[in-house]
Structure formats: structure tokens, C-alpha cells
Amino acid sequence: MATARQLETGLEGFRYWPGALGPPDQSRLLAEVRTVVARAPFYRPETPGGRPFSVLMTNCGPLGWVSDRAGYRYQPLHPVSGRPWPAIPPLLLDLWERLTGHDAPPDACLVNLYRGPARMGLHQDRDEVDLTAPVLSVSLGDTAVFRIGPAAGGPTRVVRLASGDVCALTGPARLARHGIDRILPDTSRLLSGGGRLNLTLRRAR
Ligand code: MD6
Ligand code: FE
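What this report covers is the structure whose coordinates are included nearby. (Residues numbered from 1 in each chain as written. Chains lettered and ligands numbered in written order. Predicted model: local features only at pLDDT ≥ 70, side-chain atom pairs only at ≥ 80, totals over all residues. Heavy atoms only, no water.)

A few words now on the packing of aromatic side chains. Throughout the structure, instances matching the rule amount to three aromatic pairs. On the numbers, 6.3 Å between centres and 80° between planes, the contact of Phe 53 with Trp 65 is edge-to-face. You can see Phe 53 sitting in the loop between α1 (23-39) and β2 (56-60) and its partner Trp 65 sitting in strand β3 (residues 64-68), a full twelve residues away along the chain. Here Trp 65 and Tyr 72 contribute two aromatic rings whose centre-to-centre distance is 5.3 Å and whose plane-to-plane angle is 35°, an arrangement assigned as tilted. Residue Trp 65 is classed as buried on the basis of its relative accessible area of 10%. One aromatic cluster is present, built from ring pairs that chain together Phe 53, Trp 65 and Tyr 72. (Phe/Tyr/Trp six-rings, centres within 6.5 Å; stacked < 30°, edge-to-face > 60°. Helix = DSSP H or I, 4+ residues; strand = E, 2+ residues; numbered from the N terminus. Buried < 20%, exposed > 50% of the residue type's maximum accessible area, 1.4 Å probe, protein only.)

Dropping the structure here:
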């Protein structure tokens, strides 16, 4: 795994490592994600208000983030199959340790799949018990237009997240508002058929 240099982003606590994963690691991680998805298939969650997400989701790790009419939460079982989520791939556990330096490993990894017009509205990640632990995000496939701004609201800025890029919300940016405006088609050849995968590692409990 190549060493990555963190870029200054101007948003304190938002950390960004462009190209943290080179093409061989991206392919390795993609193979691991395919193994996860074979055991825990993507499904389309609903918002608590009953609207379907445009993004497909699954999880790995002891806990997975889910959304349905009962609300947002972490749970140990896939909501469709009723089976436990598969383990988090070791490559991701290594990346977490190396980039965040956090003393405890992640216990949840949400996997998002964007195809076509899928997007994700501005939100905060705040369903975790310990909001001092970072959230680490890994992008694979087509480039995303990622929007981020302060927790309290106000101006947002855009960062293009390309395949192999990693970013993290830490410290003062842990509750930053962020989302995905859109995916730029045909910007990567990693996923056959195009689209984007995003993996977010968290400490839920
Ligand atoms: C995405 N990412 O990149 C959505 N959350 O598809 C997130 O919601 C996210 O990138 C927390 C920390 C980093 C992120
Ligand atoms: Fe998020």
C-alpha cells in the first residue's frame, strides 16, 4: 500500500488523502467488497418518511447502519436476509489504523452503491454513540462530487472524490454537513458498468 500525503482542506478536522489506494489496492478492495456483497446483498433502504433512497446499501462488521420507517439505527442483522453482516475486510481495518491512528477498530462499515442519478442529500453522521471517534470514507469507481460544510450550517464547498481517495471527518469536522451532489459518469474503469462504491468506517458503539 502506497503511503499517502494528507492535503490541507481549509476545514479543520476534514482530512483528505487523494490516491491513498493505488490501482492494485483498489482492485483488491473491490474483490473483498464483492465477497461481502455475495453474503450481504445490496438493498434499497427507505427514509423514516417512507421515501426510497437512490443509493443501494449493505454493510459489513458487527453492526450495520440501516434506515426504515422506524428510523435510523445500527443493528447486527441484514434487514432483508436476517443474517449477520460479514466481517470488515482486513485491508480496511489496516487503513483505519494507519490513517486515523484511532486506538479502537471500527465496528461498522456502510457500503453505498451509486448508479445513474443516485445521490445523497446533505446530512450529519450522528447515529454513533461516541462522536469523538472519526468516520473514514473510501471511494471506488466513478468520481463523486462531495459537498461539505460546517455543522452549524453556512457555506459549503465541493471536493471531487475519485477512485482510491480516502477522507475522514475528525475532531471539529466530525459533525460536518456533507453529501453527494452527483456522480460523474465514465470517470473510472474500475467497476464494470460504471457507478461508484463508497465505504464508511465508523465506531457505532
Ligand atoms: C459517500 N459519504 O461518499 C457518502 N460520511 O458516498 C458520507 O456520507 C460520509 O464521505 C461520513 C464521513 C465521510 C463521508
Ligand atoms: Fe455521511
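Additional details are given in the paragraphs that follow.
One open sheet accounts for six strands, arranged β1-β10-β7-β12-β5-β2; its pairing is antiparallel. Whereas interior strands pair on both sides, the edge strands pair on one side only; in this sheet they are β1 (14-17) and β2. Ignoring which end each strand starts from, the neighbouring axes of this sheet average 20° apart. In this sheet, strand β5 (residues 108-114) lies alongside β2 in antiparallel orientation, the contact comprising five bridges. Each bridged residue has a counterpart across the sheet, and for Thr 58 the counterpart in β5 is Val 111. Strand contacts of helix α2 (residues 90-100): β1, β5, β7 (135-141), β10 (166-169) and β12 (196-202), with the helix running at about 125° to β7, the strand carrying the most contacts. (Pairing = 2+ DSSP bridges. Axes fitted to C-alpha atoms, helices over the stretch in contact; angles between N-to-C directions. Contact = heavy atoms within 4.5 Å.)

This next bit is on the pairing of β5. With seven of seven residues buried, β5 is to be regarded as a mostly interior element. A two-sided burial pattern is seen for β5, the buried positions comprising Ala 108, Leu 110, Asn 112 and Tyr 114 on one face and Cys 109, Val 111 and Leu 113 on the other. By the bridge criterion, seven bridges tie β5 to β12 in an arrangement that is antiparallel. Paired with Leu 110 across the strands is Thr 200, a residue of β12.

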